[in-house]
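Each chain, written out:
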Amino acid sequence: MSLPLSAQRYEKKELVGRGAYGVVYRGRDTVTGGIVAIKILNLDIEDDFSDMQREINLLSQLHSPHIAQYYGSFIESSRMWIIMEYASGGSIHKLMQAGPIEEKYTSSIMYGVLLALDYLHTSGIMHRDIKAANVLVTDEGVVQLCDFGVARQVLQASAKSYSFVGTPYWMAPEVIQKGQVYDFKADIWSLGITAYEIATGMPPYAEEDPKRALFLIPRKGPKQLNPEQAGKDMRDFVDKCLQIDFTKRPSAHELLKHNRFVRAGHGKQAARVSDLISRHNDWLHRRIRTVLERVP
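Residues numbered from 1 in each chain as written. Predicted model: local features only at pLDDT ≥ 70, side-chain atom pairs only at ≥ 80, totals over all residues. Heavy atoms only, no water.

Colleague: Would you mind going over the overall build of the protein chain with me for this structure?
Modeller: Check the secondary structure of the protein chain and you find 10 helices and 9 strands. Classification of the 296 residues of the protein chain by burial places 49% in the buried group. Sequence-distant contacts in the protein chain: of pairs separated by 6 or more residues, those separated by 24 or more amount to 64%. Carbon and sulfur atoms make up 51% of the accessible area of the protein chain, which totals about 15,200 Å². (Helix = DSSP H or I, 4+ residues; strand = E, 2+ residues; numbered from the N terminus. Buried < 20%, exposed > 50% of the residue type's maximum accessible area, 1.4 Å probe, protein only. Contact = heavy atoms within 4.5 Å. Areas by Shrake-Rupley, 256 points an atom, 1.4 Å probe, with all protein chains shown as cover.)

Okay, here's the thing in structure tokens:
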């Protein structure tokens, strides 16, 4: 018999994330002693509630080591609590704070995200918001996708969508263009932008206003990585992901099987992504020491 979920069962620790709908805390299950992620969402707006229900319905169906595991949810004082697996390393976006991420680690990160996407796409699900902030790393170095707030399940027969959703700088051209149908390949574009983001510290057109970026992406296409920013194999991977014509983009399965850059992120020679957690912790401790040394 499963134990009941309630706010009394979970002890909130520090705040680890904040989004449009609510906040995420590191928490402790007082019954099992385990560490969990607690996502607390506001229920003030009816439209938001339907979005939350859709996210929970999707999460309850997903069972992959490369997707943050859903444990359950409940409502407490007009707040929705979603209890998830906790990835102690945090997001790739957070880990980028410690400095540029070496290409060998990016290869392993892309491999992990593609395993998640291959699983999702085979299940008829588009994530629709791939970016470094939505890619997590567990203490063991397992790469996971999170935040399924705008994900959509579609019929495998049609596998098309029309909705304008996502984060502007990572949006595929076909998503931006009003009324344009798109499919799972929109996630592949966002993955290419994420690789660019990791290599340079920000997505293309980040210096532009979001509305201006939405105008430029379908008209000027993606910016290219140069040899100083990435090696040949990584540049080839990003170029394949950022094909304007989405029918020419490879699928997640094809990239896993045939792309040289991605395959380098798998096997005994692959870089251990958990190294990035240690690097970030060292960087954070140095910053704290520097601040303390300045205190009179």
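Colleague: Can you walk me through the environment of proline 100 in this structure?
Modeller: Here proline 100 lies in the loop between helix 2 (92-95) and helix 3 (103-122). Take proline 100: its relative accessible area is 70%, and that puts it in the exposed class. Separated by 101 residues in the primary sequence, proline 100 and glycine 201 place their C-alpha atoms 7.1 Å from one another.

Colleague: What exactly am I supposed to notice about the environment of tyrosine 119 here?
Modeller: Of note, tyrosine 119 is situated in helix 3. Along the chain, tyrosine 119 and histidine 253 lie 134 residues apart, while their C-alpha atoms are 9.1 Å from each other. Ignoring sequence-local partners within four residues, the contact set of tyrosine 119 consists of Gln61, Leu62, His63, Ser64 and Ile67.

Colleague: Would you take a moment to explain the nonpolar core for this structure?
Modeller: Core analysis: the biggest nonpolar cluster contains 73 residues, and Ile92, Ile109, Leu114, Leu117, Leu145 and Phe237 have the highest contact counts within it. Setting aside chain neighbours within four positions, we find leucine 114 in contact with Ile188, Leu191, Phe237, Ala252, Leu255, Leu256 and Val262. The next biggest cluster of nonpolar side chains, apart from the first, holds 10 residues, and it includes Val36, Phe74, Trp81 and Ile83. (Core = buried A, V, L, I, M, F, W, Y, C linked by side-chain atoms within 4.5 Å.)

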